[in-house]
Amino acid sequence: MGNSLKAIVTFVPSNECQKYLLEDLEEMPVDKTVDLSGRQLRRLPLHICSFRELVKLYLSDNNLNHLPPELEQLQNLQILALDFNNFKALPLVVCTLKQLCILYLGNNKLCSLPLELRLLQNLKTLWIESNCLQYLPEVVCELSLLKTLHAGSNALRGLPTQLRCLQELRTIWLSGNLLSDFPPVLLDMPFLEVIDVDRNSIRFFPSLAHLPGLKLVIYDHNPCRNAPKVAKGVRRVGRWSEETPEPRKRSGAVIEITLDEKPSPPPAAKPEAE
């Protein structure tokens, strides 16, 4: 009954109802963190926007599809979690929060990202997995400090060449997309440490041995006939990885070695701001 009541209260704008949703959160917590995840919210209680020193705001797993313009008051915000909501477009007010370091947008209904995203020049981690993206928005390539990009479980068929401009990028997750070829731009990014292209449609992997920063490549669940060649010490997760040889050619035929499929490692826990 409690959850049902909260679902009804979200539509009522009175101050009393706002306080009910916030569970009497009238002052900003000492740790400057507010977590309203899983509250069945359909709109952000405006009282939160008065916490001007707030650093972390978690709004995951609600029913949000817009945000109030008053959110712009939270100019000290470094972490904003909007994943598992109903956003079809990123509210432009998010792009005014210029101190953001980590932005979670996964599991929404985003088909694009606004050009105003380029204003978030302190952004280091961007999660846009499980949306409706058919291409990686080029504006992402303007986030010069970006270190981690999670873009799995979309409908990406390629990556823009401008991605090579992100010289701080160390980790890129592209699992569960529609890549039929290994993205060529990644071959020009020697600073990458982790490349995940699990669960795509890649049939051939070029050599990655020339990437000096590479530490891990995940390429499992692709219809490939070869494993990507890597430098010594680089871990591969996929068919014919370190533990087993690649298929041997005999008389022009490829002899495949049947393996038990390795499960992909679980997604990393949400990082904290540096």
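Everything below is about the structure printed above this text.
Computed from a predicted structure; not experimentally measured.

Trainee: Would you take a moment to explain the environment of Leu 59 for this structure?
Mentor: Its place among the elements puts Leu 59 in the loop between strand 2 (56-58) and strand 3 (79-81). Separated by 26 residues in sequence, Leu 59 and Asn 85 place their C-alpha atoms 8.5 Å apart. Here Leu 59 is in contact with Leu 36, Ser 37, Leu 44, Leu 64, Leu 67, Leu 80, Ala 81, Leu 82, Asp 83 and Asn 85, once residues within four sequence places are set aside.

Trainee: What exactly am I supposed to notice about the pattern of salt bridges here?
Mentor: When charged atoms on two side chains of opposite charge get close, those side chains can pair. In this structure the tally under the stated criterion is 4 salt bridges. A salt bridge links Asp 188 to Arg 164; the nearest nitrogen and oxygen atoms lie 2.9 Å apart. Placement of the pair is Asp 188 in the loop between strand 7 (171-173) and strand 8 (194-196) and Arg 164 in the loop between strand 6 (148-150) and strand 7, with a sequence separation of 24 residues. The class for Asp 188 is partly exposed, based on a relative accessible area of 43%. Residue Arg 164 is classed as partly exposed on the basis of its relative accessible area, which comes to 35%. Put simply, Lys 215 and Glu 193 hold a salt bridge, and the shortest N to O gap is 3.9 Å. On the criterion of sequence distance, the pair formed by Lys 215 in the loop between strand 8 and strand 9 (216-218) and Glu 193 in the loop between strand 7 and strand 8 is long-range, its members being 22 residues apart.

Trainee: What's the story with the side chain of Asn 226 in this structure? I'm lost.
Mentor: Examined against the element boundaries, Asn 226 turns out to sit in the loop between strand 9 and strand 10 (235-237). Residue Asn 226 is classed as buried on the basis of its relative accessible area, which comes to 13%. Within the structure, Asn 226 has its side chain in polar contact with the backbone oxygen of Phe 205 (distance 2.8 Å).

Trainee: Teacher, can you tell me more about the packing of aromatic side chains here?
Mentor: We describe a pair of aromatic rings using the distance from one ring centre to the other and the angle between the two ring planes. Considering all chains together, one arrives at 3 aromatic pairs under this definition. Here the aromatic cluster, defined as three or more aromatic residues joined through ring pairs, consists of Phe 182, Phe 205 and Tyr 219.

Analysis parameters
Residues numbered from 1 in each chain as written. Predicted model: local features only at pLDDT ≥ 70, side-chain atom pairs only at ≥ 80, totals over all residues. Heavy atoms only, no water. Helix = DSSP H or I, 4+ residues; strand = E, 2+ residues; numbered from the N terminus. Contact = heavy atoms within 4.5 Å. Salt bridge = Lys/Arg side-chain N within 4 Å of Asp/Glu carboxyl O. Buried < 20%, exposed > 50% of the residue type's maximum accessible area, 1.4 Å probe, protein only. Polar contact = N/O pair within 3.5 Å; in protein donor to acceptor, adjacent residues only side chain to side chain. Phe/Tyr/Trp six-rings, centres within 6.5 Å; stacked < 30°, edge-to-face > 60°.

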